[in-house]
Amino acid sequence: MGTLDGKVALVTGAGRGIGRGIARLLAREGAAIVVNDLGSSLDGTGADVSVAEQVAREIDPSGERAVFNSHSVSDFDGAGKMVQQAIDEFGKIDIVVNVAGILRDRMIFNMTPEEWQAVVDVHLKGTFNTCHWAAIRFREQGTGGRLINFSSSSAFGAAGQPNYAAAKAGIIGLTLSCANALSRYGVTANAILPGAATRMIDSIPRAREAALAESGKLPSEQAVGTERDPDNVAPIVAYLASDAAAEVNGHLFAAYGYNIGLMSQPKIIKTLRADHRWTVEELCDLVPRAFAAELAENQNDPGFGEKMRGIADDLWVEVGSGLRFWGTKLEPYGEQVW
Ligand SMILES: NC(=O)c1ccc[n+]([C@@H]2O[C@H](COP(=O)([O-])OP(=O)(O)OC[C@H]3O[C@@H](n4cnc5c(N)ncnc54)[C@H](O)[C@@H]3O)[C@@H](O)[C@H]2O)c1
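Numbers given for residues are sequential positions, taken from 1 along each chain in its written order. This being a predicted model, a pLDDT of at least 70 is required before a residue's local features are given, and a value of 80 or more before pairs of side-chain atoms are given or counted; all residues contribute to the totals for chains, interfaces and linings.

Quick look at the overall build of the chain now. The secondary structure listing takes helices from DSSP runs of H or I that are at least 4 residues long and strands from runs of E that are at least 2 residues long, numbered from the N terminus. Helix and strand content of the chain: twelve helices and ten strands. A compact globule built from 338 residues would reach a C-alpha radius of gyration of about 20 Å, and the chain, at 21 Å, matches this within 12%. By its C-alpha atoms, the chain is 70 × 55 × 50 Å across when sized along the principal axes. Restricting the contact set of the chain to residue pairs at least 6 apart, pairs at least 24 apart contribute 65%. Each radius of gyration is computed over the set of C-alpha atoms, and the globule rule expresses the reference value as 2.2 Å times the number of residues to the power 0.38. C-beta atoms are placed from the backbone for every residue, and two residues are taken to be in contact when these atoms lie within 7 Å.

In this section: the packing of helix 1 (residues 17–28) against helix 9 (residues 234–241). In the contact formed by helix 1 and helix 9, the axes pass within 9 Å of each other and the chain directions differ by 50°. Classified by the angle between their axes, helix 1 and helix 9 sit oblique to one another. Where helix 1 crosses over helix 9, the handedness of that crossing is right-handed. The segment helix 1 lies against helix 9, with Gly 21, Ile 22, Leu 25 and Leu 26 engaging Ala 234, Pro 235, Val 237, Ala 238 and Ala 241. Classifying every residue of the contact of helix 1 with helix 9 gives eight nonpolar, one polar and no charged. Axis angles are defined between N-to-C directions and span 0 to 180 degrees, where every axis is a line fitted to C-alpha atoms and, for a helix, only to the segment in contact. When describing relative orientation, an angle under 35 degrees is termed roughly parallel and one over 145 degrees roughly antiparallel, while 65 to 115 degrees is termed roughly perpendicular and anything else oblique. Crossings are classed by handedness, with left-handed meaning an anticlockwise turn of the near helix from the far one by less than a right angle and right-handed meaning a clockwise turn. Side-chain classes are defined by residue name, with Ala, Val, Leu, Ile, Met, Phe, Trp, Tyr, Cys and Pro counting as nonpolar, Asp, Glu, Lys and Arg as charged, and the others, Gly among them, as polar.

This part takes up the site of the ligand. Not every one of the 34 residues close to the ligand is listed here, only the nearest: Gly 13, Arg 16, Gly 17, Gly 101 and Thr 198. Of all elements in the fold, only helix 1, helix 4 (113–141), strand 6 (187–195) and helix 6 (199–202) reach the threshold of two or more residues within the shell around the ligand. Of the residues belonging to the shell around the ligand, the class tally is 15 nonpolar, 16 polar and three charged. Nearness is defined per residue: the C-beta atom, placed using the backbone, must lie within 6 Å of the molecule or strand.

Structural remark: α-helix, 3.6 residues per turn; residues separated by three or four positions point the same way. Taking 1.5 Å per residue, 15 residues should reach 21 Å; helix 3 (residues 76–90) reaches 22 Å between its end C-alpha atoms and fits that length. For helix 3, the complete set of buried residues consists of Ala 79, Met 82, Val 83, Ala 86 and Phe 90. Just beyond helix 3, the residue with positive phi is Gly 91, at close to 90°. Here the expected length of a helix is defined as 1.5 Å per residue gap, with one fewer gap than residues. Using C-beta atoms placed from the backbone, we call a residue buried if 20 or more other C-beta atoms fall within 10 Å of its own, exposed if 12 or fewer do, and partly exposed for counts in between.

Time to look at the nonpolar core. Core analysis: the largest hydrophobic core is formed by 81 residues, its most contacted members being Val 11, Ile 22, Leu 26, Ile 33, Val 35 and Val 237. In terms of residues, this core owes the most to one element, helix 4, which gives nine residues. Apart from the residues within four sequence positions on either side, Ile 33 is in contact with Ala 9, Val 11, Ala 23, Leu 26, Ala 27, Ile 59, Arg 65 and Ala 66. The nonpolar core is taken to be a set of buried Ala, Val, Leu, Ile, Met, Phe, Trp, Tyr and Cys residues joined by way of C-beta atoms within 7 Å.

Here we take up the pairing of strand 2 (residues 32–36). Taking burial as the measure, the five residues of strand 2 include five buried ones, the bulk of the element. Being paired, for any two strands, means DSSP has found at least two bridges between them. Pairing geometry for strand 1 (residues 8–12) and strand 2, over four bridges, is parallel. Looking at the pairing, Val 8 lines up with Ala 32 of strand 2. Summarising the sheet, strand 2 and strand 3 (residues 66–69) pair through four bridges and their orientation is parallel. Of the residues in strand 3, the one forming a bridge with Val 35 is Phe 68. Handedness of a crossover is defined as follows: orient the strands so they point away from the viewer, and if the path from the first strand over the helix to the second runs clockwise, the crossover is right-handed. As for the winding sense of the linkage, the β-α-β connection from strand 2 through helix 2 (residues 49–59) to strand 3 is right-handed.

Time to look at the sheet that holds strand 2. Strand order in the open sheet formed by eight strands is 3-2-1-4-5-6-7-8, with mixed pairing between adjacent strands. Because the sheet does not close on itself, it has two edges, and the strands there are strand 3 and strand 8 (259–262). Across this sheet, the average inter-strand angle for adjacent strands is 20°, counted without regard to direction. Against the sheet, helix 4 engages strand 1, strand 4 (95–98), strand 5 (145–150) and strand 6, with an angle of about 175° to strand 4. Relative to the sheet, helix 5 (residues 162–182) contacts strand 5, strand 6 and strand 7 (252–256), its axis offset from that of strand 6 by approximately 160°.

Structurally, the position occupied by Asn 98 is in strand 4. A count of 31 C-beta atoms within 10 Å places Asn 98 in the buried class. Leaving out residues up to four positions away in the same chain, Asn 98 has contacts with Thr 12, Gly 126, Thr 127, Thr 130, Asn 149 and Phe 150.

When you tally the buried positions in helix 9, you get six out of eight residues, the bulk of the element. Along helix 9, the residues classified as buried are Ala 234, Ile 236, Val 237, Ala 238, Leu 240 and Ala 241.

That is the geometry; function is a separate question.
Here it is, written out as structure tokens:
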């Protein structure tokens, strides 16, 4: 018995990296899988259908429990065909996991409109495309559904990735919108902010050089079977896809190695109120005084993965064999469980 017996899942970008691990785990948990992958290079150029085909064959050589396609998620009609393929092959669609992604890193002052558009098209438009087609089917089927979208800590201000940061922040907004719009149909929408050594990490010069110097291997080669293995992201996705997570809706989870973090969501933390339209003079006086601590430094930090890994040993609570919990009390979130 698997947690996803009888379910049908579409996983985009499932030919490599994190998506491949997700497709394989969802299949092991009992789901029938549509493996989508364009088979492009990291910058989104090129295409290779064998990338998706290979993962589908690994899952089920007979093709009975796994089929594949190489449509681009950025193609609206192509995304519709992926969802239709699930229905044609397996009779329905229950789960959509949007993992497909590319990078075209450049500082804002050097970025071309093409570099901007290509990244927004794959990540943000691509996620909209599959969510749109799946939402139509979820409503028709009347049996609920799961949207699990891939964002990134880069959304919080990665300096060299204005296109990617904007697209990944957009995916958070899209996910929360879907969560609010579709809950009445029994559909949940949540987002994952992952960290794992894939070819995306191989492309970061500092990470690549450090790994090559240490072992002669790329970060992705070094990571196999370690905490940095992209397959480690898959379990939280399988959980969110399962019936056990029916009430988990509109949340952001960080998945770094063996760490699963629940992200806080933006809240108003301080307010100034006037009984008239503010004058600029009043604001010049009061904004720095009221918000001084928060304004003293730029609080946007895309590096929370490192912070999560760096939590001191004595701050953890043992909650099971090899299992630990750390939490911070951040108003207005509730009391600690442990
Ligand atoms: N690896 C990390 O640490 C990390 C960190 C934050 C976010 N992410 C996000 O996680 C997701 C997976 O990243 P990864 O590291 O496994 O990358 P990856 O490059 O290993 O895999 C991405 C896959 O998406 C496919 N793809 C690209 N464009 C496509 C398109 N238009 N249509 C269909 N498929 C397409 C590629 O062919 C590739 O196989 C991405 O959305 C990425 O932005 C990854």
